[in-house]
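Chain residues, written in single-letter form:
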Amino acid sequence: MRKPSKIHALYRNIFLCFTAFMFASIASASSRVDSRIGEPIFFLNQGQWPEQVLAKAPLNVGDLWITQQGFVFNFLDTSATELVHDR
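For clarity, every value in this text was computed on a predicted model and none was experimentally measured.

Q: Can you explain the pairing of strand β3 (residues 62-67)? Please cite residues and give values.
A: Counting buried positions over the 6 residues of β3 gives 5, a clear majority of the element. In this sheet, β3 lies alongside strand β2 (residues 53-59) in antiparallel orientation, the contact comprising 6 bridges. When the bridges of β3 are listed, L59 appears paired with G62. Two successive antiparallel strands, β2 and β3, enclose a turn made up of 2 residues. The antiparallel hairpin formed by β3 and strand β4 (residues 71-75) contains 3 residues in its connecting segment, where G70 sits at a positive phi of about 145°.

So this is what it looks like as structure tokens:
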């Protein structure tokens, strides 16, 4: 039997690490309540915000507020976060 080359061993190790990462990610995502991708989770206003706010949905880049007047998007400035991260 032929001994695997170093490049084949490297590819095998990368594949094994990738597979382990994928299984860990899937297990982590399935344990969360909001595991359905693309569907925002809305938190109803139960007195924690001003009365004109009906609900809030957290987004990756900020928040979506549903008010009696309409929708309000509050986006985060990610460039400011990157500057702080470098410090």
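Next, the rest of the story.
Q: Tell me about a nonpolar patch on the surface, residues and numbers included.
A: A cluster of nonpolar residues, L59, V61, F71, F73 and F75, forms a patch on the protein surface that exposes about 520 Å² of accessible area. Here the element with the most residues in the nonpolar patch is β4; it accounts for 3 residues. Summarising the element assignment, F73 is placed in strand β4.

Q: Pulling in residues and values, what's your account of the packing of aromatic side chains?
A: Applying the stated criterion across every chain, the model contains 2 aromatic pairs. Summarising the aromatic geometry, the rings of W49 and W65 are spaced 5.1 Å apart at their centres and angled 85° between planes, so their arrangement reads as edge-to-face. With W49 in the loop between β1 (43-44) and β2 and W65 in strand β3, this residue pair connects regions lying 16 residues apart in the sequence.

Q: Describe in detail the sheet that holds β3, supporting the description with residues and values.
A: Strand order in the open sheet formed by 4 strands is β1-β2-β3-β4, with antiparallel pairing between adjacent strands. On the outer flanks of this sheet lie β1 and β4, each paired with one strand and no other. Inspection of the sheet shows β1 paired to β2 by 2 bridges, in the antiparallel sense. Directly across from L44, in β2, lies its bridge partner A55.

Q: Describe the pattern of salt bridges, and please don't skip the residues or the numbers.
A: For the coordinates displayed, the defined rule picks out 1 salt bridge. Where K56 meets D63, a salt bridge forms, and the shortest distance between an N and an O atom there is 4.0 Å. A residue is classified by how much of its surface remains accessible, and D63, at 17% relative accessible area, is buried.

Thresholds, definitions, all that
In every chain, residue numbers begin from 1 and rise along the written sequence. Local features in this predicted model are restricted to residues whose pLDDT is 70 or higher, and side-chain atom pairs enter the listing and the counts only when it is 80 or higher, whereas totals over whole chains, interfaces and linings include all residues. Derived side-chain values reflect all non-hydrogen atoms in the structure, with water molecules and hydrogen atoms excluded from consideration. Accessibility here uses a 1.4 Å probe with only protein chains present; expressed as a share of the type maximum, an area under 20% marks a residue as buried, one over 50% as exposed, and anything in between as partly exposed. To qualify as a helix, a DSSP run of H or I must reach at least 4 residues; to qualify as a strand, a run of E must reach at least 2; elements of each kind are numbered from the N terminus. Paired strands, in this sense, are two strands between which DSSP finds at least two bridges. To count toward a patch, a residue needs a relative accessible area above 30% and no salt bridge. Like charges then connect within 9 Å, nonpolar side chains (Val, Leu, Ile, Met, Phe, Trp, Tyr) within 5 Å. We get accessible surface area from the Shrake-Rupley algorithm with a probe of 1.4 Å; when it comes to residues, only the shown protein chains can shield them. Salt bridges are defined as contacts in which a side-chain nitrogen from Lys or Arg sits within 4 Å of a carboxyl oxygen from Asp or Glu. Between 30 and 60 degrees the pair is tilted, below 30 it is stacked and above 60 it is edge-to-face, where a pair is any two Phe, Tyr or Trp rings, Trp via its six-membered ring, whose centres lie within 6.5 Å.

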